[in-house]
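Residue-level listing of the chains:
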Amino acid sequence: MSPSTLITNIGELSTMDPSRGADAVLTDAAVVLDGERIAWIGPAAEAPAADEIHDAGGRAMLPGWVDSHTHLVFAGDRSTEFEARMAGEPYQAGGIAVTTEATRAAGDFDLTRLLLARQAEAAAGGTTWLETKTGYGLDVEQEARSARIASTVVDDVTFLGAHLVPAGSGPEEYTDLVCGPMLAAVRPYVQWADVFCERGAFTEEQSRRVLTACRDAGLGLRVHGNQLGPGGGVRLAVEFGAASVDHVNYLADSDVAALAGSWRDWDAQTGSGQPGTVATCLPACDLSTRQPLAPARRLLDAGVEIALASNCNPGTSYTSSMNFCVATAVLQMELSVAEALRAATYGGALALRRHTGADEDGKRAVGSIAVGHRADVQLLNAPSAAHLAYRPGMPLTAAVWRAGKRVRKP
Ligand SMILES: N=CN[C@@H](CCC(=O)O)C(=O)O
Ligand SMILES: [Zn+2]
């Protein structure tokens with residue numbers, strides 16, 4: 001049995017629990033972690049006894065980040081491509097092939113070691129729930145290997161065989177492979193499937209085939225859409241009831257309306273009802289590819305639930321810093337601090353359908369602090385979470401607990 005921990009003297013506790021309404025932020029608060037669950041929340045003066053006590057010293061506490069979009073199973077480096085981009089070259093999907101070559105050449109041991117180091121880096125930065133994708137294998141054996149390795153390290157694994165058509169394959173023939181033998185080989189290791197629906201990657205028709213096959217195989221769906229230009233990715237994601245469509249840089253009014261429509265049976269104030277398709281914004285990627293920042297404000301104003309994620313990958317966004325994403329969202333994307341925090345915690349959980357569950361149904365919610373939810377919390381070296389944007393780039397992560405266990409610095 002792991003000991004219980006009382007974290008007390010919390011100056012500001014942002015629970016991100018929609019069911020608390022206006023009381024979602026507490027001051028002079030305490031939290032008890034018991035095993036891997038949150039056992040108690042309330043005023044510090046009323047806190048129960050616990051095996052261990054951690055004095056937060058008036059610091060701010062919030063849920064651990066839920067990073068719902070990364071590509072961490074890779075080897076190699078693309079800093080030369082990055083430098084060329086900074087000198088004016090546009091980003092092109094074809095860079096994925098460079099990482100695929102390096103990833104295929106790495107042994108299982110090295111690939112696992114690299115993934116573990118990236119997971120530890122993310123956790124030290126406050127990320128307590130991590131999704132990652134395949135997509136740098138691009139043949140049956142290599143995609144299955146990436147999925148298997150990912151499943152031993154991260155919390156949610158997504159099959160992204162439809163990331164790029166590899167050299168030497170025809171697009172239709174490769175799409176058949178993704179929908180057939182590749183899907184069958186990765187299926188034991190993954191919960192989700194994704195498709196890069198974009199010029200230079202997969203057409204709308206090919207994407208539709210991939211989503212249909214993966215849905216029929218029982219996988220949850222996500223889409224990379226509208227990243228490099230207008231297109232059908234968002235529409236397709238909504239049509240298929242995908243949990244998330246990610247990037248969303250180039251949106252027509254009809255895309256925003258379709259996303260908003262998917263949330264019509266959802267009550268954002270209480271976090272109840274039928275969730276729709278989350279629009280996942282990836283600000284670090286937008287900056288690194290010199291794309292317009294995703295229109296997060298416009299989406300929120302239209303009634304769409306959004307998430308913020310790092311999209312950590314070697315091509316377009318080589319950072320797992322959710323602090324950076326939150327700061328950028330506040331400084332550059334017209335989100336309030338509370339909206340950015342929600343998108344990086346509860347929003348990520350919604351995008352992975354991990355936002356509910358407290359003991360009674362065998363699932364533990366992540367992304368919000370409530371009794372019965374997973375004990376995923378972080379303390380900041382600051383009296384309020386606003387410091388994440390007020391002091392951007394500063395090392396504000398003071399302590400992190402993941403499933404009740406204190407995370408060590410890598
Ligand atoms: N857009 C597609 N996939 C990744 C980039 C992959 C790469 O360039 O290696 C992304 O999410 O940005
Ligand atoms: Zn991606």
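As the structure is a computational prediction, the values presented were derived from the model and not from experiment. (Residues numbered from 1 in each chain as written. Chains lettered and ligands numbered in written order. Predicted model: local features only at pLDDT ≥ 70, side-chain atom pairs only at ≥ 80, totals over all residues. Heavy atoms only, no water.)

The next subject is the overall build of the protein. When its secondary structure is counted, the protein shows 14 helices and 18 strands. By the compact-globule yardstick of 22 Å for 410 residues, the protein fits well, its C-alpha radius of gyration being 20 Å. Seen along its three principal axes, the alpha-carbon backbone of the protein occupies a region of about 65 × 45 × 45 Å. Across the 410 residues of the protein, 57% fall into the buried class. The contacts of the protein with a sequence gap of at least 6 include a subset with a gap of at least 24, amounting to 73%. Counting 34 positive and 48 negative side-chain charges, the protein places the centres of these two groups 2 Å from one another. (Helix = DSSP H or I, 4+ residues; strand = E, 2+ residues; numbered from the N terminus. Rg over C-alpha atoms; globule rule 2.2 N^0.38 Å. Buried < 20%, exposed > 50% of the residue type's maximum accessible area, 1.4 Å probe, protein only. Contact = heavy atoms within 4.5 Å. Lys, Arg positive; Asp, Glu negative; His and termini not counted. Charge placed at Lys NZ, Arg CZ, Asp CG, Glu CD.)

Moving on: the UniProt feature "binding site: 4-imidazolone-5-propanoate" (unreviewed entry) in the protein. In the numbering used here, UniProt assigns the "binding site: 4-imidazolone-5-propanoate" (unreviewed entry) feature to Arg-78, Tyr-136, His-163, Gln-227 and Thr-316. Once you skip the residues sitting within four places of it in the chain, Tyr-136 turns out to touch His-71, Val-73, Phe-74, Arg-78, Ile-96, Thr-99, Thr-100, Thr-103, Glu-143, His-163, Asn-313 and Pro-314. Within the fold, His-163 resides in the loop between strand S8 (156-162) and helix H5 (171-186). Judged by its relative accessible area of 4%, His-163 is buried. (UniProt positions renumbered as here; feature names shortened; annotations may be inferred.)

Bringing the pairing of strand S3 (residues 37-43) into the picture now. Pairing of strand S2 (residues 25-34) with S3 involves six bridges; the strand directions are antiparallel. For Ala-30, the partnering residue across the bridge sits in S3 and is Gly-42. The turn joining S2 and S3, which pair antiparallel and follow one another in sequence, is formed by two residues; a positive phi near 60° is taken by Gly-35. (Pairing = 2+ DSSP bridges.)

A separate point is the coordination of the zinc ion (ligand 2). Looking at the metal site, the zinc ion (ligand 2) is ligated by His-69 (NE2), His-71 (NE2) and His-224 (NE2), spaced 1.9 to 2.1 Å from it. One can describe the donor arrangement at the zinc ion (ligand 2) as tetrahedral, given that its four donor atoms subtend angles of 98 to 127° at the metal. Counting residues between consecutive donors of the zinc ion (ligand 2) along the chain gives the motif H-x1-H-x152-H. Taken together, the residues span a long stretch of sequence, with His-71 in the loop between strand S6 (65-67) and helix H1 (79-86) and His-224 in strand S10 (residues 220-225) at a distance of 153 residues. Like His-224, His-71 is buried. (Donors = N, O, S within 2.8 Å, 3.2 Å for Na, K, Ca; no water. Tetrahedral: all angles 85-135°; square planar, octahedral: opposite > 155°, others 65-115°.)

For the rest of this paragraph, the subject is helix H2 (residues 96-105). Those residues of H2 that sit buried are Ile-96, Thr-99, Thr-100 and Thr-103. Buried residues in H2, looked at end-on, bunch into an arc of 105°, giving them a common side. More than 90 degrees from the buried face of H2, the exposed residues found are Glu-101 and Ala-105. Close packing links the buried residues of H2 with helix H3 (108-124), helix H4 (140-151) and strand S9 (192-197). (Arc of directions from axis to C-beta.)

Turning our attention to the sheet that holds strand S15 (residues 306-308). Spatially, the eight strands line up as an open sheet ordered S6-S7-S8-S9-S10-S11-S14-S15, and their pairing is parallel. Edge positions in the sheet fall to S6 and S15, since each has one partner strand and no second. For this sheet, the mean inter-axis angle between neighbouring strands, taken without regard to orientation, is 25°. Examined bridge by bridge, strand S11 (residues 244-247) and strand S14 (residues 278-281) share three bridges and lie parallel to one another. (Axes fitted to C-alpha atoms, helices over the stretch in contact; angles between N-to-C directions.)

Along the chain, Arg-374 falls in the loop between helix H13 (346-351) and strand S16 (377-380). Relative accessible area serves as the criterion here: at 10%, Arg-374 is assigned to the buried category. Within the structure, the side chain of Arg-374 is placed 2.8 Å from the backbone oxygen of Thr-128, a separation counted as a polar contact. Leaving out residues up to four positions away in the same chain, Arg-374 has contacts with Glu-36, Ile-38, Thr-128, Trp-129, Asp-155, Arg-364, Ala-365, Val-366, Arg-402 and Ala-403. (Polar contact = N/O pair within 3.5 Å; in protein donor to acceptor, adjacent residues only side chain to side chain.)

Two descriptors summarise a pair of aromatic rings, namely the distance from one centre to the other and the angle between the planes of the rings. For the structure shown, the criterion picks out four aromatic pairs. Note on Phe-74 and Tyr-136: the rings are 6.3 Å apart at their centroids and 70° apart in plane angle, and the pair reads as edge-to-face. Of this pair, Phe-74 sits in the loop between S6 and H1 while Tyr-136 sits in the loop between strand S7 (127-133) and H4; the two residues are 62 residues apart in sequence, bridging distant segments of the chain. Residue classification places Phe-74 among the buried residues on the basis of a relative accessible area of 0%. Residues Phe-74 and Tyr-318 carry aromatic rings whose centres are separated by 5.7 Å and whose planes lie at 70° to one another, so their mutual orientation is edge-to-face. Of this pair, Phe-74 sits in the loop between S6 and H1 while Tyr-318 is found in the loop between S15 and helix H11 (322-332), placing the two residues 244 residues apart along the sequence. Taken together, the ring pairs in this structure connect Phe-74, Tyr-136 and Tyr-318 into an aromatic cluster. The ring of Phe-74 carries the charged tip of Arg-118 above its face, separated from the ring centre by 3.5 Å. Here Arg-406 stacks its cationic end above the ring of Trp-401, 5.1 Å away from the centre of that ring. (Phe/Tyr/Trp six-rings, centres within 6.5 Å; stacked < 30°, edge-to-face > 60°. Lys NZ or Arg CZ within 6 Å of the ring centre and 35° of its normal.)

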